[in-house]
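Tertiary structure, described
This is what each chain is made of:
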Number of protein chains: 2
Amino acid sequence: MVVRRLPKTIKQLLEPGSSSAAALTSITGHVRSIRRQKRCTFALIEDGSTSKGLQAVFKHGVRGEGTSTAMVEKLRQLTFGAGVIVSGRLVESTGPGQDVELVVEGLDGVEVVGRCDPDTYPLQPHHSGASSSSSGKHSAEYLREHLHLRLRTPGIQHTMRLRAKVKEALEGYLTGEQEFVYVHTPVITGIDAEGGGESFRVGKGEEGEEFFGRPAHLTVSSQLHLEAFQAALGRVYTLAPCFRAERSMTGRHLAEFWMLECEWGGESPSCDLHGLCTFVEDMLRYTIARFLHSGLSVSPPDADNELHRAAFSQKPWPRITYIEAIHILQQAQPLFTYPPTLGHSLQSEHEKYLAEVHFKSPVFVMDYPRGVKPFYMRVNPRTDMETVACFDLLVPRVGELVGGSVREERYGVLRSSMVDAGLIPSPPETEIIDSSSPHSPKKPLNPYEWYLDLRRHGSVPHGGFGMGFERLILWLGVGIANIRESVGMPRWKGWMGM
Amino acid sequence: MVVRRLPKTIKQLLEPGSSSAAALTSITGHVRSIRRQKRCTFALIEDGSTSKGLQAVFKHGVRGEGTSTAMVEKLRQLTFGAGVIVSGRLVESTGPGQDVELVVEGLDGVEVVGRCDPDTYPLQPHHSGASSSSSGKHSAEYLREHLHLRLRTPGIQHTMRLRAKVKEALEGYLTGEQEFVYVHTPVITGIDAEGGGESFRVGKGEEGEEFFGRPAHLTVSSQLHLEAFQAALGRVYTLAPCFRAERSMTGRHLAEFWMLECEWGGESPSCDLHGLCTFVEDMLRYTIARFLHSGLSVSPPDADNELHRAAFSQKPWPRITYIEAIHILQQAQPLFTYPPTLGHSLQSEHEKYLAEVHFKSPVFVMDYPRGVKPFYMRVNPRTDMETVACFDLLVPRVGELVGGSVREERYGVLRSSMVDAGLIPSPPETEIIDSSSPHSPKKPLNPYEWYLDLRRHGSVPHGGFGMGFERLILWLGVGIANIRESVGMPRWKGWMGM
């Protein structure tokens, strides 16, 4: 089967061996910069396929001497941001800065299909608005007010290419190397996830009527549903949007974000706590290596070294227990706003300290107290403190990047954790509910009953993890300061546009 | 970089050359069937990696003669659906039906990690419930009441593998062959899409307060946002969930569904109406061919021939105009419930007739009347009837699979279409609003103003299409009768569970 390809992109035209003065080449794109000389006009054209542009050279002769009014008018419309179709011959460039250029001859070789008025274009460089910096570069805050146009700025374009490349690497690892099956978990669910009350409600009408016949929410994590897929397909993953009605306006939180979540079944050593950590470390080393070799890394050398070290160091990333983490943090006092306390969650400042200052490396923190983690994590054999078989992966500059655990596969233990978490009533009233009865399918079961069903009927040991896709982009895209710059069209509390 | 792989799946163990009596092999999975003999018990184990199972042979000796009580109890727990970890040696099978089998010796080689009580397991074969068919196979309606367990049935497992394979083929085509960039379009949007009032509201609290500071909706299509990405990145696609508060309970509609949407820029012939059709046809032929060669096709021969013809026929798929379609349909009368009428939309019965009966092939219907299509489609040069440069791809058994168009890139024409559609007020009152002003970013702009901005500033000719992922699965998975069986956890009006 022969694939008929779309015309070459600028990225393809810039590849060695592409120049061919014999053939007419046509590109559709935008003017990124323009330089006007007496007999020639040089326009850098971009089409989004690469961070580089292609220089188009218009040989129009000396103005006023043989240059038609139409040509003068057309050249006048060639402004920053204008949409153009340019046809010419791709030749080796004689000027510095590029290998090839597109030589356009005559009026017909250029068409300004969408003008861009410098007086009103919000991205116009050297914009004099109050929100612009004095260098003429627009501030992140200013650009967020123009999300639909912000995409056209080199920084966000670069981040979009980075996202695509990282997604490709992660999926290549999971499906190509590890036999995972990609599945679509539902966005609309009947559960309020971890019961944090942070989920968005959906389907409730003005008069309180429920479209789905019961309360429905936007998912805050695909994990519980992914476990049902795991029991059917063995090794599964999803890359899906998740939602939290997140009221904190930090640079690490979004109301809508993408999560990579994986679940697989098995026994030690592939699916116990260390097996999960090994899997995550291998997957991320593979992904960072792909990223570093993709040409998309723009890190300054020192930060680049941090990613290089993470990807290629001979030593495994450190693994410590929660208790060890608390001890390290307590030694480091009085650095912290919140003193690290045994039995409490780690704060963002603690997480960053461990990865960035203490270990200078990604670090796995394992075996958190049962009380600070969700109900579905497998309870460890009792020691001094009741803990669960879980880990958080902390990385420099970002903090928590991945969270995972062995899942509680034992029906009795799980049920008791769910009662403790207030998700299901305590026995004996509900113990007799048989969700499997075909005779009363519509009786209002507890919304978590199906999750217990997974353990009632043929439970197997399994575990998995979730990784915030935007947080990974924050880590790899070293220059990105706020998570709102890690995604094309971020949503957060108070967001106004589109 | 050496990749440490998870243990082999059953799919990998069944590949030729995998048997190795020397090494102990361990698998985690579920019992699919069991056959008990005097000295041996045969259990077919599945782990979800393939539709095939691996036969485990337990040599336990004659019951009562040297078989321990513990072994008897363990064998008793080996029931349909039980979760097991089985260790043994993979040897060539002497019995019919499989190349290799796993020989388990002794009590330690099998662990029933999750029992499955035949009396309560909803998937138990030969279930006597009223909803089961007399063959013992459960009805689709019955299984929908147990979505979390339904995933474990061979039919849905197969469909899940099909989805993953089709997604891989489509993305391989777009990124590998055609240089498209994968992007994440937002799920939560400020627009009510095509104004059909079928979108779900989100973010509105009990007291009417808006979390996002303005009305927000779940997206019904990523297209408008994807056009903003197109202007920045050239060739873009997304595979993303979309939502419609769909009140019709047909076998073709879901409240939550996945859409593949593509946009690219350019001129004729790659991005005019025929260019779009060519692209879609090539992409689908490529995908069907991959699917047919994947071993996942279970079509009966005649239906299989239909897909084979679609993929490999020398002749391009037919392309007709809307007017020609109406003429064909009017010739076919009195077949239809709704008489085909010039100027009206095609009904589902019309679409199926064209593809299934008349052409016996996928068929593109182009140039619909402006009045029956959304505002963003490019208006054709005026002929007898005002039409837009769009197409619907109709396929046998499914009807509309893909819809696409050249987008209206001309500011004035687009604005006028949006006024006609009631999406923005007519001039002159709003014409003076300058959405680009940095000084009043929070003023309540019309929610579609940003879309007009894409044309105000550097518009380029572009086009694209959207394809319902579940509809494609319906077409390829020939035996699937209802769209609710094309997705793991379907959501529809009145849906009750999980």
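Note that the structure is predicted; figures quoted are calculated from it, not measured.

Observations regarding the overall build of chain A
Helix and strand counts for chain A come out as 13 helices and 17 strands. In terms of its C-alpha atoms, chain A occupies a principal-axis envelope of roughly 95 × 55 × 55 Å. Scored against the burial criterion, the 498 residues of chain A give a buried share of 59%. By sequence separation, contacts in chain A at least 24 residues apart represent 65% of the contacts at least 6 residues apart. Summed over its atoms, the accessible surface of chain A is roughly 19900 Å², and 52% of this surface lies on carbon and sulfur atoms. Charge-centre separation for chain A: the mean point of 54 positive side chains lies 6 Å from the mean point of 57 negative side chains.

A few points about the interface of chain B and chain A
With 129 residues of chain B at the contact, the number on the chain A side is 129 residues. Across the chain B/chain A interface, buried area totals approximately 10500 Å², and carbon plus sulfur atoms make up 63% of it. In this assembly, chain B and chain A are joined by 10 salt bridges. Residue Glu171 of chain A is joined to Lys167 of chain B by a salt bridge in which the shortest nitrogen-to-oxygen separation is 2.3 Å.

Let's talk about the packing of helix H11 (residues 411–420) of chain A against helix H12 (residues 449–456) of chain A
Residue and element names in this part refer to chain A. Across the interface, H11 lies against H12 with an axial gap of 9 Å and an inter-helix angle of 160 degrees. When the axes of H11 and H12 are compared, the pair comes out roughly antiparallel. Crossing hand, H11 versus H12: right-handed. Of the residues in H12, those in contact with Tyr411, Leu414, Arg415 and Met418 of H11 are Tyr451, Leu452, Arg455 and Arg456. When grouped by side-chain class, the residues that make up the contact of H11 with H12 number 5 nonpolar, no polar and 3 charged.

Some points on the environment of Glu261 of chain A
All names here are of chain A. Relative to the helices and strands, Glu261 is located in strand S12 (residues 256–265). Those residues within four positions of Glu261 in sequence are excluded, and the remaining contacts are Ser221, Ser222, Gln223, Leu226, Val236, Tyr237, Thr238, Cys242, Phe465 and Gly466. Within the local environment of Glu261, its side chain forms a polar contact with the side chain of Ser221, the two groups lying 3.0 Å apart. In this structure the side chain of Glu261 is engaged in a polar contact, spanning 2.7 Å, whose partner is the backbone nitrogen of Ser222.

Focus: the environment of Thr50 of chain B
All names here are of chain B. Tracing the chain through its elements places Thr50 in the loop between strand S2 (40–46) and strand S3 (54–59). For the pair formed by Thr50 and Gln12, sequence separation is 38 residues and the distance between their alpha carbons is 9.1 Å. The contacts of Thr50, once residues within four sequence positions are left out, are Ile10, Lys11, Leu14, Arg32 and Arg161. From its side chain, Thr50 meets the backbone nitrogen of Lys52 in a polar contact 3.0 Å long.

Considerations on the packing of aromatic side chains
Following the criterion strictly, the structure yields 40 aromatic pairs over all chains and no others. Arranged with centres 5.6 Å apart and planes meeting at 20 degrees, the rings of Phe200 of chain A and Phe212 of chain B form a pair that is stacked. Placement of the pair is Phe200 of chain A in the loop between strand S8 (188–189) and strand S9 (201–202) and Phe212 of chain B in the loop between strand S9 (201–202) and strand S10 (216–218), with the two residues belonging to separate chains. Phe212 of chain B shares its class with Phe200 of chain A; the two are buried. Site record: aromatic cluster; members linked through ring pairs are Tyr173, Phe180, Trp264, Phe279, Tyr286 and Phe465 of chain A. Note that Arg319 of chain B overlies the ring of Phe364 of chain B, its terminal NZ or CZ placed 5.6 Å from the centroid. Across the ring face of Tyr451 of chain B, the terminal group of Arg455 of chain B is positioned such that the distance to the ring centre comes to 4.4 Å.

Re the relation of the copies chain B and chain A
When chain B is fitted to chain A, the residual RMSD is 0.0 Å, and the transformation amounts to a turn of 180 degrees plus an axial shift of 0.0 Å. Each copy turns onto its partner about a two-fold axis. Taking C-alpha positions as reference, the residue of chain B nearest the rotation axis is Val202 of chain B, located at 2.9 Å. Looking at chain B, 100% of its interface residues are interface residues in chain A too, so the copies touch through the same face.

So, the pattern of salt bridges
The full count for this structure, using the stated rule, is 48 salt bridges over all chains. Where Lys373 of chain A meets Asp392 of chain A, a salt bridge forms, and the shortest distance between an N and an O atom there is 3.1 Å. Of this pair, Lys373 of chain A sits in the loop between strand S14 (363–366) and strand S15 (390–395) while Asp392 of chain A sits in strand S15; the two residues are 19 residues apart in sequence, bridging distant segments of the chain. Shared partners join several salt bridges into a network, and the residues in it are Lys167 and Glu171 of chain A together with Lys167 and Glu171 of chain B.

Details of the sheet that holds strand S13 (residues 319–321) of chain A
All names here are of chain A. Pairing within the open sheet is mixed, and its 8 strands lie in the order S7-S11-S12-S17-S16-S15-S14-S13. Looking along the sheet, the strands with just one partner apiece sit at the ends: strand S7 (181–182) and S13. In the sheet, S7 pairs with strand S11 (residues 235–243) via 2 bridges, with the strands oriented parallel. In the sheet register, Tyr182 faces S11, and the bridge partner there is Tyr237.

Some remarks on the nonpolar core
Within the largest apolar cluster, 240 residues are counted, with the highest numbers of intra-cluster contacts made by Phe391 of chain A together with Phe391 of chain B. Setting aside residues up to four positions removed in sequence, Phe391 of chain A forms contacts with Leu273, Leu276, Cys277, Val280, Phe364, Val365, Met366, Val402, Gly403, Gly404, Ser405 and Phe465 of chain A.

Notes on the side chain of Asn482 of chain A
Residues and elements named next belong to chain A. Of note, Asn482 is situated in the segment after helix H13 (469–476). By relative accessible area, Asn482 is classed as buried at 16%. Within polar-contact distance, the side chain of Asn482 engages the backbone nitrogen of Arg484 at 2.8 Å.

A short note on the sheet that holds strand S11 (residues 235–243) of chain B
Taken in spatial order, the 8 strands make up an open sheet running S7-S11-S12-S17-S16-S15-S14-S13 (chain B), and their pairing is mixed. In the strand order of this sheet, the two ends are held by strand S7 (181–182) and strand S13 (319–321) of chain B, each with one partner.

Details of the packing of helix H5 (residues 154–177) of chain B against helix H13 (residues 469–476) of chain B
All names here are of chain B. H13 packs onto H5 with a crossing angle of 115 degrees between their chain directions and a minimal axis gap of 10 Å. One element, H5, and the other, H13, form an angle in the roughly perpendicular class. The handedness of the crossing between H5 and H13 comes out as right-handed. In contact with Thr159, Leu162, Arg163, Val166, Lys167 and Leu170 of H5, H13 contributes Phe469, Glu470, Leu472, Ile473 and Leu476. Here the contact of H5 with H13 is built from residues that sort into 7 nonpolar, 1 polar and 3 charged.

Examining helix H6 (residues 223–233) of chain A
An α-helical turn contains 3.6 residues, so any two residues separated by three or four positions project in the same direction. Most of H6 of chain A sits inside the fold, with 11 of its 11 residues counted as buried. Along H6 of chain A, the residues that are buried comprise Gln223, Leu224, His225, Leu226, Glu227, Ala228, Phe229, Gln230, Ala231, Ala232 and Leu233 of chain A.

Description of helix H5 (residues 154–177) of chain A
Residue and element names in this part refer to chain A. Between the first and last C-alpha of H5 there are 33 Å, a value that for 24 residues agrees with the 34 Å anticipated at 1.5 Å per step. Where burial is concerned, most of H5 is hidden: 17 out of the 24 residues are buried. Phi turns positive one or two residues past the end of H5, at Glu179, with a value near 65 degrees.

Let's talk about the confidence of the model for chain A
Residues and elements named next belong to chain A. For chain A, the mean per-residue pLDDT works out to 89, and 91% of the residues sit at or above 70. Scored below 50 in pLDDT, residues 430–443 shows 27 contacts in the model against residues more than four places distant or in partner chains. We note a pTM of 0.94 for the whole complex and an ipTM of 0.94 for its interfaces.

Comments concerning unusual backbone geometry
The omega torsion across Ser268 of chain A and Pro269 of chain A is 0 degrees, close enough to zero to call that bond cis. With respect to the helices and strands, the residue Pro269 of chain A is situated in the loop between S12 and helix H7 (273–292). Even without being a glycine, Lys360 of chain B presents a positive backbone phi close to 50 degrees. In this structure, Asp367 of chain B is a non-glycine residue whose phi angle is positive, near 60 degrees. Structurally, Asp367 of chain B is set in the loop between strand S14 (363–366) and strand S15 (390–395).

Structural notes on the pairing of strand S16 (residues 399–406) of chain A
Residue and element names in this part refer to chain A. With 6 of its 8 residues buried, S16 lies for the most part within the structure. Here 6 bridges tie S15 to S16, and the two strands are oriented antiparallel to one another. In the sheet register, Leu393 faces S16, and the bridge partner there is Val402. In this antiparallel pair of consecutive strands, S15 and S16, the connection spans 3 residues, and Arg397 shows a positive phi of 70 degrees. Here S16 runs beside strand S17 (residues 462–468); their pairing, made up of 5 bridges, is antiparallel.

Parameters and conventions
- Residues numbered from 1 in each chain as written.
- Chains lettered and ligands numbered in written order.
- Predicted model: local features only at pLDDT ≥ 70, side-chain atom pairs only at ≥ 80, totals over all residues.
- Heavy atoms only, no water.
- Helix = DSSP H or I, 4+ residues; strand = E, 2+ residues; numbered from the N terminus.
- Buried < 20%, exposed > 50% of the residue type's maximum accessible area, 1.4 Å probe, protein only.
- Contact = heavy atoms within 4.5 Å.
- Areas by Shrake-Rupley, 256 points an atom, 1.4 Å probe, with all protein chains shown as cover.
- Lys, Arg positive; Asp, Glu negative; His and termini not counted.
- Charge placed at Lys NZ, Arg CZ, Asp CG, Glu CD.
- Buried area = accessible area lost by both parts, 1.4 Å probe.
- Salt bridge = Lys/Arg side-chain N within 4 Å of Asp/Glu carboxyl O.
- Axes fitted to C-alpha atoms, helices over the stretch in contact; angles between N-to-C directions.
- Parallel < 35°, antiparallel > 145°, perpendicular 65-115°, else oblique.
- Left-handed = near helix turned anticlockwise from the far one by under 90°.
- Nonpolar A, V, L, I, M, F, W, Y, C, P; charged D, E, K, R; others polar.
- Polar contact = N/O pair within 3.5 Å; in protein donor to acceptor, adjacent residues only side chain to side chain.
- Phe/Tyr/Trp six-rings, centres within 6.5 Å; stacked < 30°, edge-to-face > 60°.
- Lys NZ or Arg CZ within 6 Å of the ring centre and 35° of its normal.
- Least-squares fit on C-alpha atoms with pLDDT ≥ 70 in both.
- Pairing = 2+ DSSP bridges.
- Core = buried A, V, L, I, M, F, W, Y, C linked by side-chain atoms within 4.5 Å.
- Expected span 1.5 Å × (residues − 1).
- pLDDT = per-residue confidence, 0-100.

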